[in-house]
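The lines below spell out each chain.
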Amino acid sequence: MKNFKMISGGVFASLILAPLAGEAADKVFVQTDAYRWQGDTIFQNEFKAWAENPYELRSTYKGRPGFFMPVEQTWKRKNDLSSYPRLQTDNMLHQAVYNLGLDEMVNAVEPDTTLRTGKEWAGVWTRDVSYSIILSMAALQPEASMISLMKKVNPEGQIIQDTGSGGAWPVSTDRMIWTVAAWEIYKVTGDKDWIKKVYPIVERSLAKDDQTIYSDNGLVKGETSFIDWREQSYPKWMQTVDISQSEAMSTNALYVAALRCASDMAELLGKKKEAVAYREQSDKMAMAMEKVFDIPGKDYWGMYTYGDDYKILNPRAETLGSAIAILYDVASPERARRMSEGQPVTPFGAPIFYPQISDMPSYHNNALWPFVAAYWGLAQAKEGNEAGVVESIGSIFRPAALFTTNKENLNLDNGDYFTELNSSNMLWCLSGNLAMTNRILFGINYEKEGLLIKPFVPEVFAGTRQLENYPYRGGRLDIEVEGYGAKVAQMYLDGKKIDPEKVIPASKLKGNHTIRVVMDNQPIPEMAINRQPNRKAPWTPIARLVTDPAGQQLLQWDPLEYIAEYIVMKDGKEYKRTRTTSLPLSEQGVWQVIGVSGEGIESFASAPQSNRQATDYKPQNLLTSPASAEVSYQPKSPVEGYRGEGFAEISQTSAPLEIEIEVAEPGEYALEYFYANGNGPVNTENKCAIRTLTVDGAKAGTIVMPTRGVANWNDWGVTNKVIVPLTSGKHIVGLEYRPEDSNMNLTMNHALVDRLRVVRH
């Protein structure tokens, strides 16, 4: 029996990596405080799930009564799986869970040969299908993968950002994971014509992003990848425009990976200059990530930057971004190892992020998503973390067996499928299920020139297993892996010994072949897991600026329970620590408050409060009469809530909106607009309004005006700020529609503008 060391007070029972009684039925694969996988059965409290045979699972699990997305207690194979890989292993539960993944994969292929997102989610979504393709679908459904990706290209020949807060792009910006998926398809198929087809799409999409979503520090702005329900992962006070200016670790990690795939595509096509440029851009972004997302004293990177003029880092750990950073060499080797051992893991597995938000139900918050757990498992295998791999596999197999389907997500408090939304037959989760076997235990790694077979077999999975009829570049492979360990001792191709360290050229794998792998059966060097209870962070303070009877300006906030101290931030930097709930202010700045629990867990920062002086300017071409103070787009609605005599309406065909301003002193100034956009809901659709900001005719930045609710024209929000240097005197500030400002809707790019605000920075 081998026990793995634990960090920060282990709350799990030891992970058992050897048979308890020497019999397969008694062999414990995973045991935590939450569940146990023993033999062919999963045990959790009074519930259990087991394999009747390789094509049937049974479960006694009973979830939340009345939940509108329930599950069955039995799965039986529905589809003919004879054309897909066949797993042979002495653990029947493993076989059944694998076959469940294949069976639900067949369910997911629509009549038009696209990949359905989930039982409850029709259609193809860019990020969902891309992550699924990378995990498994490129190999198992290459045609459907190609067709699905091409469904996510708009008439301008660019990748579609189809979901996200505030009207999609540029609030949500993770569409470039499409590039990584497209390159994965090439590695599987070797189809150079495919690269000739997709590379121009990638090139155009990257060029558009270059003009709009980059920060001055070299990172891309926008929402966390796939965590696109803003209340579930951002402070409640944050508007979608604030999210558009934040920098998400996961989105930047995938962007580095996408740039490297674009470089590989360019190199394949003989475009050497472009290949070098994309590679250099990706390397610079990776270095910027280490600088921006580093948390002193922590092994993992922070989740995202946020705030107002001055960004602060959300110190939560975020699993998908960390996994991508490891898998695609975004993080340095030293940082990757630290992430592997330092990323928090709960009794049910790797959380979406950690710690959780106290006053928010489970979905992205307080949840494990099996596809994310799969990426984490792959990352742990790359780093050689045996215990991390075993627990990752267990965190995916447990819900698949107990729920008898590949569910979308689960609650980290109790492992239940009762969350805000939860589809069965979820594409990226079933893809993650299959990847644990194909890509870890059989070590199938696709390279552009062939296959690298590099299994990672924890000692608990020691034995002999076969994966027959596995597709690769038009042929079929029968792969056998014997033993355990992190290194291959011997490898045979069609009975002939080959070098296990080298890629098997694709030219040698045409047609049908057998590959036999013998592991070295040596103990895998021990690594740690940062096992943690599922902790919640304190509530977010509510702060305000007030003036006391003596005329003293104060920053004041409501007290929070169980708080050890408060951190007062000024202009994004720590200003003071205090146990009081107010602070006299003797200087100007942007102020925020963070609560710190007795365990040292930080809350979100409060909404920024600025006591800097501001000047408002109204546009000249106002809609002022009752008849004209109405939105021209349907549904027509009378508009209220604007300041002064009226507002301006802007569309793609409008003349530039210009306002004359005057500043007394030279220096840096923040420019922002008050606007309304009622063309769509806050959380979906694609009608974010975007404009180029000009100062005296020269481009100064991009103004983003996300949607704020359907027909909600009386809700006036504030755009992002653009910081510009100004000389003293008069200037013309303009809002202008340019080609780079086209949104995902393409036809509607429309908003109302009330006034411009100028603030000395």
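To be clear, the structure that these remarks concern was listed above.
Residues numbered from 1 in each chain as written. Predicted model: local features only at pLDDT ≥ 70, side-chain atom pairs only at ≥ 80, totals over all residues. Heavy atoms only, no water.

Asks: Please give an account of the sheet that holds strand 21 (residues 488–493) that cites residues and values.
Replies: On the basis of which strands lie adjacent, the open sheet formed by six strands has the order 7-19-20-24-21-22 and mixed pairing. The sheet terminates laterally at strand 7 (86–88) and strand 22 (496–498), the two strands that pair on one side only. On average, each strand axis in the sheet is inclined to that of its neighbour by 20°, with strand direction left out of account. Where strand 21 meets strand 24 (residues 512–519), five bridges bridge the pair, whose relative direction is antiparallel. Looking at the pairing, M491 lines up with V517 of strand 24. Across the sheet, helix 1 (residues 92–108) touches strand 7 and strand 19 (464–472), and the angle it forms with strand 7 is around 170°. (Pairing = 2+ DSSP bridges. Helix = DSSP H or I, 4+ residues; strand = E, 2+ residues; numbered from the N terminus. Axes fitted to C-alpha atoms, helices over the stretch in contact; angles between N-to-C directions. Contact = heavy atoms within 4.5 Å.)

Asks: Lay out the layout of surface pockets in plain terms, naming residues and giving numbers.
Replies: Considered as a void within the structure, the second largest pocket measures approximately 1100 Å³ in volume. If you go around the second largest pocket, you meet 37 residues; those closest to its centre are L327, K382, N445, E447 and L452. Those elements giving two or more residues to the lining of the second largest pocket turn out to be helix 4 (177–189), helix 7 (249–268), helix 11 (370–383), helix 13 (427–441) and strand 17 (444–447). No other element matches helix 11, which puts five residues into the lining of the second largest pocket. Grouping the constituent residues of the lining of the second largest pocket by class yields 18 nonpolar, four polar and 15 charged. (1 Å grid on protein atoms, 1.4 Å probe; cavity = no way out; pocket = protein on both sides within 12 Å on 5 of 7 lines; lining within 4 Å. Points joined across faces, edges and corners; volume = space filled by probe spheres on them. Nonpolar A, V, L, I, M, F, W, Y, C, P; charged D, E, K, R; others polar.)

Asks: Please give an account of the sheet that holds strand 9 (residues 304–307) that cites residues and values.
Replies: Strand order across the open sheet formed by three strands is 8-9-10, with antiparallel pairing between neighbours. Strand pairing shows two members of the sheet lacking a second neighbour, strand 8 (247–248) and strand 10 (311–314), which therefore form its edges. Pairing of strand 9 with strand 10 involves four bridges; the strand directions are antiparallel. Of the residues in strand 10, the one forming a bridge with T305 is L313.

Asks: Residues and numbers for the pattern of salt bridges, please.
Replies: Taken as a whole, this structure holds 41 salt bridges when the rule is applied. Where E52 meets R58, a salt bridge forms, and the shortest distance between an N and an O atom there is 3.3 Å. For E52, a relative accessible area of 39% corresponds to the partly exposed category. For R58, a relative accessible area of 30% puts it in the partly exposed group. (Salt bridge = Lys/Arg side-chain N within 4 Å of Asp/Glu carboxyl O. Buried < 20%, exposed > 50% of the residue type's maximum accessible area, 1.4 Å probe, protein only.)

Asks: Residue-level account of the packing of aromatic side chains, with values.
Replies: Per the counting criterion, the structure on display carries 34 aromatic pairs. Geometrically, the ring pair formed by Y214 and Y255 is edge-to-face, given 6.2 Å between the ring centres and 85° between the ring planes. Of this pair, Y214 sits in the loop between helix 5 (192–210) and helix 6 (240–245) while Y255 sits in helix 7, placing them 41 residues apart in sequence. Side by side, Y214 and Y255 carry an identical accessibility label, which is buried. By the ring-pair criterion, three or more aromatic residues cluster together here, those being Y131, F226, W229, Y363, W369, F371, Y375 and W428. Its guanidinium or amino end placed over the ring of F43, R36 lies 4.4 Å from that ring's centre, counting from NZ or CZ. Just above the ring of Y55 sits the side chain of R77; from NZ or CZ to the centre is 5.3 Å. (Phe/Tyr/Trp six-rings, centres within 6.5 Å; stacked < 30°, edge-to-face > 60°. Lys NZ or Arg CZ within 6 Å of the ring centre and 35° of its normal.)

Asks: Now, about empty space enclosed by the protein: what can you tell me, with residues and values included?
Replies: The method is simple in principle: a probe with the dimensions of a water molecule rolls over the atoms, and the space it marks as empty is what remains. Taken as a whole, this structure holds five cavities of 30 Å³ or more when the rule is applied. Looking at the largest cavity, its volume works out to about 100 Å³. Looking at the lining of the largest cavity, the elements that each hand over two or more residues are helix 11 and helix 12 (386–403). When residues in the lining of the largest cavity are grouped by element, the largest group, four residues, is from helix 12. Classifying every residue of the lining of the largest cavity by side-chain character gives eight nonpolar, seven polar and one charged. Here the second largest cavity is characterised by a volume of approximately 60 Å³. Lining the second largest cavity are 13 residues, with L135, S136, A139, Y446 and Y470 positioned closest to its centre. Broken down by secondary-structure element, the contributors of at least two residues to the lining of the second largest cavity are helix 2 (126–140), helix 4 and helix 13.

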